[in-house]
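The chain contents come next:
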Amino acid sequence: MHPQLESYWGNVNPIGVRSCYDEGKRAAETLVMDYRRQYGTDTRVVRIFNTYGPRMAENDGRVVSNFIVQALRGKDLTVYGDGSQTRSFCYVDDLVRGIISLMASEYYMPINIGNDGEYTVLELAQMVLELTGKNSKIIHKPLPSDDPCKRRPDLTLARKELKYIPAMPVREGLAKTIEYFSQVIQTHPQS
Ligand code: UDP
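Everything quoted here is computed from the prediction, not taken from an experiment.

Calculation notes
- Residues numbered from 1 in each chain as written.
- Predicted model: local features only at pLDDT ≥ 70, side-chain atom pairs only at ≥ 80, totals over all residues.
- Heavy atoms only, no water.
- Phe/Tyr/Trp six-rings, centres within 6.5 Å; stacked < 30°, edge-to-face > 60°.
- Helix = DSSP H or I, 4+ residues; strand = E, 2+ residues; numbered from the N terminus.
- Buried < 20%, exposed > 50% of the residue type's maximum accessible area, 1.4 Å probe, protein only.
- Lys NZ or Arg CZ within 6 Å of the ring centre and 35° of its normal.
- Axes fitted to C-alpha atoms, helices over the stretch in contact; angles between N-to-C directions.
- Parallel < 35°, antiparallel > 145°, perpendicular 65-115°, else oblique.
- Left-handed = near helix turned anticlockwise from the far one by under 90°.
- Contact = heavy atoms within 4.5 Å.
- Nonpolar A, V, L, I, M, F, W, Y, C, P; charged D, E, K, R; others polar.
- Domains from an automatic or database assignment.
- Buried area = accessible area lost by both parts, 1.4 Å probe.
- Salt bridge = Lys/Arg side-chain N within 4 Å of Asp/Glu carboxyl O.
- Polar contact = N/O pair within 3.5 Å; in protein donor to acceptor, adjacent residues only side chain to side chain.
- Near = heavy atom within 4 Å.
- Areas by Shrake-Rupley, 256 points an atom, 1.4 Å probe, with all protein chains shown as cover.

1. Focus on the packing of aromatic side chains
The tally for this structure, following the rule as stated, stands at three aromatic pairs. Each ring, one from Y52 and one from Y91, has its centre 5.7 Å from the other, and the planes form 70°; the classification is edge-to-face. Taken together, the residues span a long stretch of sequence, with Y52 in strand β2 (residues 51-52) and Y91 in strand β5 (residues 90-91) at a distance of 39 residues. Across this residue pair, the class does not change: Y52 and Y91 are buried. Seen from the ring of Y108, R36 lies directly overhead, with NZ or CZ sitting 4.0 Å from the centre.

Spelled out as structure tokens, the structure:
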């Protein structure tokens, strides 16, 4: 389903390489809702979409940190597949603000928090090259299996329940993240 609404129950491969991640999230929501029903626990369920920002781990493996670190180290940027798959990138401060609003509200059903601007992975690679001012090559590597080809949160519910609107434009958020990684790399040039 695109963009993804909270009411979508999901359709994921239960036995693939990515399944521990997908099914782990589903099982977590199940347990949280059972704790609420069985023990009256005061719970919230947030569906976090792709998030980035300062203090990500350099070797985290996710696309934003990979591209920035590769560009800053003068290495090729590794685009998996043809790079036409899309993601919606949320700056960490926006995510945290959304989660705090959710905790302060009474809303306990699943709710999307993210940013609904949508970019292809290739567009992201080009933005990182432009913002770092580096001229690394973009190379293509195999697309991991079960890699979703489109991903964007529908934020209607978050807007209604939490008055949540992501504030950080992706270029500005990337610039802050690049600044952070530049410092990390200067301090630890070999890692
Ligand atoms: N990706 C990529 N190069 C990388 C790391 C990731 O092209 O070095 C792609 C990956 O295949 C996916 C997208 O970027 O299509 C986002 O990947 P990430 O692991 O950051 O998040 P998720 O797959 O959980 O949305």
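2. Some remarks on the packing of helix α4 (residues 121-132) against helix α6 (residues 170-187)
Following both chains from N to C, one finds α4 and α6 inclined at 60°, their axes separated by 10 Å at the closest point. Overall, the two elements α4 and α6 adopt an arrangement that is oblique. Every pair of crossing elements has a handedness; the one defined by α4 and α6 is right-handed. Residues L124, M127, V128, E130, L131 and T132 of α4 pack against V170, R171, L174, A175 and I178 of α6. Here the contact of α4 with α6 is composed, by residue class, of eight nonpolar, one polar and two charged.

3. Some thoughts on the domain arrangement of the protein chain
Where the parts come together, the accessible area they lose is often given as the size of the interface. Each assigned domain of the protein chain is listed here: domain 1 (15-43) and domain 2 (45-187). A straight line from the C-alpha centre of domain 1 to that of domain 2 covers 24 Å. Taken together, the contact between domain 1 and domain 2 spans nine residues of the former and ten residues of the latter. Of the roughly 760 Å² buried at the junction of domain 1 and domain 2 (both faces included), carbon and sulfur atoms supply 53%. The largest contributions to the domain 1 side of the interface with domain 2 come from R18, E29 and M33, which together make up 58% of the buried area. On inspection of domain 1 and its partner domain 2, the count reaches one salt bridge. A salt bridge links E29 to R47; the shortest N-O distance between them is 2.7 Å. For the pair domain 1 and domain 2, the interface holds one residue pair in polar contact (both at pLDDT 80 or more). Tallied by class, the residues present in the side of domain 1 that touches domain 2 amount to three nonpolar, two polar and four charged.

4. So, the site of the ligand
For the ligand, the set of nearby residues contains 16 residues, the closest of which are N66, T78, Y80, R87 and D147. Within the side chain of R18, an N or O atom sits 3.3 Å from an oxygen atom of the ligand. Residue R87 places a side-chain N or O atom 2.6 Å away from an oxygen atom belonging to the ligand. Notes on the ligand: free accessible area 520 Å², of which the protein chains cover 92%. Mapped by element, the contributors of at least two residues to the shell around the ligand are α2 (63-72) and β3 (77-80). Of the residues contributing to the shell around the ligand, the split by class is seven nonpolar, five polar and four charged.

5. Digging into the environment of Y35
By the element assignment, Y35 lies in helix α1 (residues 19-39). According to the relative accessible area criterion, Y35 is partly exposed, its value standing at 46%. With sequence-adjacent residues up to four places away left out, Y35 is seen in contact with G40 and T41.

6. Observations concerning the pattern of salt bridges
Counted according to the given criterion, the structure contains 13 salt bridges. Here E58 and R73 are joined by a salt bridge, their closest N and O atoms 2.5 Å apart. Taken as a pair, E58 in the loop between β2 and α2 and R73 in the loop between α2 and β3 lie far apart in primary sequence, 15 residues in all. With a shortest N-O distance of 3.3 Å, K160 and E161 are connected by a salt bridge. A relative accessible area of 59% places K160 in the exposed class. Residue class for E161 comes out partly exposed when judged on its relative accessible area of 31%. Among the charged side chains, a salt-bridge network with shared partners connects R36, D42 and R44.

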